[in-house]
Amino acid sequence: MAEPLAGKVAIVTGGGGGMGSAMSLGLIGDGADVLAVDVRAEPLEALAETARARNGPGRLETVAADITDPAACADLIERARSAFGGLHMAINNAGVGMQTIRETYMNDPVSFWEADIDRWQRMMDVNFKAPFMIAKFAAPHLVAQGWGRIVNVTTSLDTMHRKAYTPYGQSKAALEAATSTWAKDLEGTGVTANVLVPGGPTNTGFIPANAPFDRTALVQPDVMVAPILWLASDASDGVTDCRFVGNDWDPALPPSEAAEAARAPAAWPGVGTTAAWPGAR
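Residues numbered from 1 in each chain as written. Predicted model: local features only at pLDDT ≥ 70, side-chain atom pairs only at ≥ 80, totals over all residues. Heavy atoms only, no water.

Draft legend 1. Representation of the overall build of the protein chain within the structure. Across its full length, the protein chain carries eight helices and eight strands. A compact globule built from 281 residues would reach a C-alpha radius of gyration of about 19 Å, and the protein chain, at 18 Å, matches this within 12%. Projecting the C-alpha coordinates of the protein chain onto the three principal axes gives extents of approximately 55 × 50 × 45 Å. Within the protein chain, the proportion of its 281 residues that are buried is 48%. For the protein chain, contacts bridging at least 24 residues in sequence account for 71% of all contacts bridging at least 6. Working note: accessible area of the protein chain is about 13,200 Å², and carbon and sulfur atoms make up 53% of it. On the protein chain, the mean spot of the 21 positive side-chain charges and the mean spot of the 31 negative ones are 3 Å from each other. (Helix = DSSP H or I, 4+ residues; strand = E, 2+ residues; numbered from the N terminus. Rg over C-alpha atoms; globule rule 2.2 N^0.38 Å. Buried < 20%, exposed > 50% of the residue type's maximum accessible area, 1.4 Å probe, protein only. Contact = heavy atoms within 4.5 Å. Areas by Shrake-Rupley, 256 points an atom, 1.4 Å probe, with all protein chains shown as cover. Lys, Arg positive; Asp, Glu negative; His and termini not counted. Charge placed at Lys NZ, Arg CZ, Asp CG, Glu CD.)

Draft legend 2. Layout of the packing of helix α4 (residues 117-145) against helix α6 (residues 168-185). For the pair α4 and α6, the least separation of the axes is 8 Å and the interaxial angle reads 15°. When the interaxial angle is binned, α4 and α6 end up roughly parallel. As α4 runs across α6, the sense of the crossing is right-handed. Note on element contacts: α6 touches α4 through Tyr-168, Ser-171, Lys-172, Ala-174, Leu-175, Ala-178 and Trp-182, opposite Met-123, Met-124, Asn-127, Phe-128, Pro-131, Phe-132 and Ala-135. When the residues that make up the contact of α4 with α6 are grouped by side-chain class, the tally is 11 nonpolar, two polar and one charged. (Axes fitted to C-alpha atoms, helices over the stretch in contact; angles between N-to-C directions. Parallel < 35°, antiparallel > 145°, perpendicular 65-115°, else oblique. Left-handed = near helix turned anticlockwise from the far one by under 90°. Nonpolar A, V, L, I, M, F, W, Y, C, P; charged D, E, K, R; others polar.)

Draft legend 3. Region of interest: the side chain of Lys-8. One can find Lys-8 in the segment before β1 (9-13). You can call Lys-8 buried: its relative accessible area is 15%. Non-local contacts of Lys-8, meaning those with residues more than four positions away in its chain, are made with Ala-32, Asp-33, His-88, Trp-147, Ala-232 and Asp-234.

Draft legend 4. Main features of the packing of aromatic side chains. One pass over the full model with this rule turns up five aromatic pairs. Centroid distance Tyr-165 to Tyr-168: 6.3 Å. Interplanar angle 75°. Geometry classified as edge-to-face. There is no split in this pair, since Tyr-165 and Tyr-168 are both buried. Members of the aromatic cluster, connected to one another through ring pairs, are Tyr-105, Tyr-165 and Tyr-168. (Phe/Tyr/Trp six-rings, centres within 6.5 Å; stacked < 30°, edge-to-face > 60°.)

Draft legend 5. Structural context of the pattern of salt bridges. The final tally for this structure, using the stated rule, is 12 salt bridges. Linking Asp-234 and Lys-8 is a salt bridge whose minimum nitrogen-to-oxygen distance equals 3.2 Å. Separated by 226 residues along the polypeptide, Asp-234 in the loop between α7 (225-232) and β7 (242-245) and Lys-8 in the segment before β1 bring together distant segments of the chain. Glu-114 is paired through a salt bridge with Arg-102; the nearest N and O atoms lie 3.8 Å apart. One end of the pair, Glu-114, is in the loop between β4 (89-92) and α4; the other, Arg-102, is in the loop between β4 and α4, with 12 residues separating them in the sequence. One continuous salt-bridge network, built from bridges that share partners, spans Arg-102, Asp-108 and Glu-114. (Salt bridge = Lys/Arg side-chain N within 4 Å of Asp/Glu carboxyl O.)

Draft legend 6. Fine view of helix α1 (residues 18-29). Helix length check: α1 (12 residues) gives 17 Å between terminal C-alpha atoms against 16 Å at 1.5 Å per residue, within 8%. Counting buried residues in α1 gives 10 out of 12 residues, a clear majority hidden from the surface. Met-19, Gly-20, Ser-21, Ala-22, Met-23, Ser-24, Leu-25, Gly-26, Leu-27 and Ile-28 are the residues of α1 that are buried. Gly-31 occupies a position one or two residues after α1 and carries a positive phi of about 100°. (Expected span 1.5 Å × (residues − 1).)

Spatial relationships are all this shows, so hold off on functional conclusions.
Printed below as a string of structure tokens:
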């Protein structure tokens, strides 16, 4: 019997660790081919070793690249198409957290006026500009074939406006809003754009090693796997402009029912609907 995602090709940024590694391995396990991207080579080597040990039906290629570089983003699209013969899914998971603004931010919060401008810019470039560029270069190919997926990893609403979270919260708020806009731009093309979040503090490198948390009690990266497999499948055709919460996905339910229970509109349109012109929202 054919694997559920046989013939599908995905790019996963931030694929070397945490949620990116979990999603990459899950996709490969269901037969998809994955181009995993990370700024560092070492975690990609670890991912490749794990993939070989699991011997899944899908194939893996890895690329160490700085996705804040437009040329690197454009090259990733061509690398995927050259390696696997196509591209069907762009998963924008790569990101940097508040520890890149101040390593001790949990004990020494950063007021917005204290944020270093160069570090602020780097975070915005990784968390928002890079997903835009990946989506921009991928979209023409996806639209031309009449089928595709763009999935952006953002964060919870309360994190977006949390005190002392400049610019992490704003970078993810921008990406959430962009996802909703892109979904509307893509209407009628067969290409969807959705948000996927873990649903709480997650056991990844975003939580410093010295943080006062029981890491086993955190959300685990594997909560992203079942939703991304469903989004990568034909079962999610036509589902767009939504946000899915991995921690709300009930594996005991049929996937379509689990998806319905774990989803809501992207960008919280119910928060406010006053528009500056008719038809806008």
